[in-house]
Amino acid sequence: YDRLLRIRALRWEYGSVLPNTIQFHMSAEEVEWFNRYKKSLATYMRSVGGEEGLDLTQDIKPPKSLYIEVRCLRDYGEFEIDDGTTVLLKKNSQHFLPRWKCEQLIRQGVLEHILS
């Protein structure tokens, strides 16, 4: 039960795709449970919050500002912001982007939040 609670917490920390280093230490049953949990959570988030749904995994901690400065840790490619602007995320590039659009990429290790 303790491992299932930890696996559930991984979904909130890393998003719907776990790093290989973590997945390597999970049994096949645990990976299957994780996949069922993420599908169940996605279904629930689509069912609430109107047309677009509500992403409950964003802003786990209340933000101090709506925009943050980030540094790209690896080449990612084009990243589109809600206003239609696209940003090219290349290794070592720095950007000032909306926090809620970056949180998932920060958890995945693509971006790093630059603290002043």
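Residues numbered from 1 in each chain as written. Predicted model: local features only at pLDDT ≥ 70, side-chain atom pairs only at ≥ 80, totals over all residues. Heavy atoms only, no water.

**Q** Mind showing me how you'd approach the environment of Tyr-76 here?
**A** Among the secondary structure elements, Tyr-76 is positioned in the loop between strand 1 (67–72) and strand 2 (77–80). Accessibility expressed as a relative area gives 40% for Tyr-76, which makes it partly exposed. Put simply, Tyr-76 and Leu-89 are 13 residues apart on the chain and 5.3 Å apart in space, counted from C-alpha to C-alpha. Among all residues touching Tyr-76, those that are not within four sequence positions of it are Leu-89, Leu-105 and Val-110. (Helix = DSSP H or I, 4+ residues; strand = E, 2+ residues; numbered from the N terminus. Buried < 20%, exposed > 50% of the residue type's maximum accessible area, 1.4 Å probe, protein only. Contact = heavy atoms within 4.5 Å.)

**Q** Just checking my understanding: could you explain unusual backbone geometry for this structure?
**A** Glycine aside, a negative phi is what most residues show, and trans is what most peptide bonds show. The backbone of Asn-92 sits at a positive phi, close to 70°, despite the residue not being glycine. Mapped onto the secondary structure, Asn-92 falls in the loop between strand 3 (86–89) and strand 4 (94–98).

Fair warning: the whole summary comes from geometry, so function is off the table for now.
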